[in-house]
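Inside the fold
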Amino acid sequence: MPSSQAEAFYQREAADRFLPTGYTRGPWDAGSQHAGQPAALLGLAVEQRPGGRPDMRITRLTYEITRPVPLRPLTVTTRVLRAGRSVELVEAALTPEGGTEVMRATALLMRTAPESVPEVSPGPQVPGPGAVDPQAFFPVPWDQGYHTAMDVRFAAGSFLEPGPATAWMRMRVPLVAGEETAPLSRVLTAADSGNGVSSALDFHRYVFVNADLTVSLHRHPEGEWVCLDARTMVDGAGIGLAESALHDEKGPLGRGTQSLYVTERG
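None of the values given here were measured: they were computed from a predicted structure.

Details of unusual backbone geometry
In this structure, E115 is a non-glycine residue whose phi angle is positive, near 60 degrees. Looking at E115, the relative accessible area reads 81%, which means it is exposed.

With respect to the environment of K250
Relative to the helices and strands, K250 resides in the loop between β12 (239-248) and β13 (251-264). We classify K250 as partly exposed; its relative accessible area is 45%. Taking the C-alpha atoms as reference points, K250 and G128, 122 residues apart in sequence, are found 9.3 Å from one another. Residues contacting K250, with those up to four places away along its chain left out, are E119, Q125, R219 and E222.

Brief notes about the pairing of strand β10 (residues 212-217)
Taken across its six residues, β10 has five buried, putting it largely inside the fold. The pairing of β10 with β13 spans four bridges and is classified as antiparallel. Looking at the pairing, T214 lines up with T257 of β13.

Some details on the environment of G254
Its location among the elements puts G254 in strand β13. For G254, a relative accessible area of 15% corresponds to the buried category. On a C-alpha basis, the gap between G254 and P221 in space is 9.2 Å, while along the polypeptide they are 33 residues apart. Discounting residues that sit within four places of it in the chain, G254 has contacts with S216, L217, H218, S244, A245 and L246.

Structural notes on the side chain of S244
Note that S244 resides in strand β12. In contact with S244, not counting residues within four places along its chain, are G194, L228, D229, A230, G254, R255 and G256.

Side note on the packing of aromatic side chains
This structure, assessed with the given rule, holds three aromatic pairs. Here the aromatic rings of Y10 and F18 are separated by 6.5 Å at their centres, their planes lie at 75 degrees, and the arrangement is edge-to-face. The class for F18 is buried, based on a relative accessible area of 3%. Aromatic pair F154 and F159: ring centres 5.1 Å apart, planes at 80 degrees, arrangement edge-to-face. Here F154 matches F159 in class, with each residue buried.

A word on helix α3 (residues 183-191)
With eight of its nine residues buried, α3 lies for the most part within the structure. Of all the positions in α3, only L184, S185, R186, V187, L188, T189, A190 and A191 are classed as buried.

Re the pattern of salt bridges
This model, assessed by the stated rule, comprises 18 salt bridges. Where E13 meets R17, a salt bridge forms, and the shortest distance between an N and an O atom there is 2.1 Å. Of the charged contacts, one joins R53 and E88 as a salt bridge, the two residues approaching to 3.9 Å between their closest N and O atoms. A residue pair is termed long-range when its members are at least 10 positions apart, and R53 in the loop between α1 (36-47) and β3 (56-65) and E88 in strand β5 (residues 87-96) qualify at 35 residues. Residues participating in the shared-partner salt-bridge network are D151, R153, R170, R172 and E224.

Here is what the cut-offs are and how they apply
- Residues numbered from 1 in each chain as written.
- Predicted model: local features only at pLDDT ≥ 70, side-chain atom pairs only at ≥ 80, totals over all residues.
- Heavy atoms only, no water.
- Buried < 20%, exposed > 50% of the residue type's maximum accessible area, 1.4 Å probe, protein only.
- Helix = DSSP H or I, 4+ residues; strand = E, 2+ residues; numbered from the N terminus.
- Contact = heavy atoms within 4.5 Å.
- Pairing = 2+ DSSP bridges.
- Phe/Tyr/Trp six-rings, centres within 6.5 Å; stacked < 30°, edge-to-face > 60°.
- Salt bridge = Lys/Arg side-chain N within 4 Å of Asp/Glu carboxyl O.

Honestly, it's all geometry; don't read function into it.
Spelled out as structure tokens, the structure:
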């Protein structure tokens, strides 16, 4: 059962302890969280770590997802692996109450110097969220979860249509109750859905398990909407890769990738 009924994904109980709500529940298992919100929680921990420098910005986060994240209170820990003048490496981990570590992130941060170089941001634009209609998630057998906490609008494809898709996503509730949601948190909450919006095979017949997630950003995100221009590739041996070009309403901002274990449902 969820540990909190707050109108958010989490309620902060202490600086390093968070209580999940029913909004964190994923679409496949009533007892497990969607990986997007725990990923955002680890990103937030890196941004808010004690001693963090305001001139350093996260440019890449790589997550190892060792097991499903249960709907139990979560403790977040961080440690600095390397502290350089221009580059930092920080590690963050997530452990549920009474359990073992379920997710670990390695964050690469780089020093920023605004307007020090010309801005270059090539890449195709995608139709904005205002140009497309809202679309419901695929059928989920419980009333509250990630599927009810996210506003989704497809510019191409759909949840029920296998193949590449372009989907705008927006959080309907904050990441942490009573706290402003950071732009990075919005990107990370959506980025783990790349395979979900662009599944290459029928998810009623096949299981897609992503054991990792990597998000690389060349600029800081803006606004509430995040777009995943996604495609999924699967080898006949059961290994897949989901790749998403990430956008906000200003334009391209980075990429997300997921390594997939694919197997037929038992």
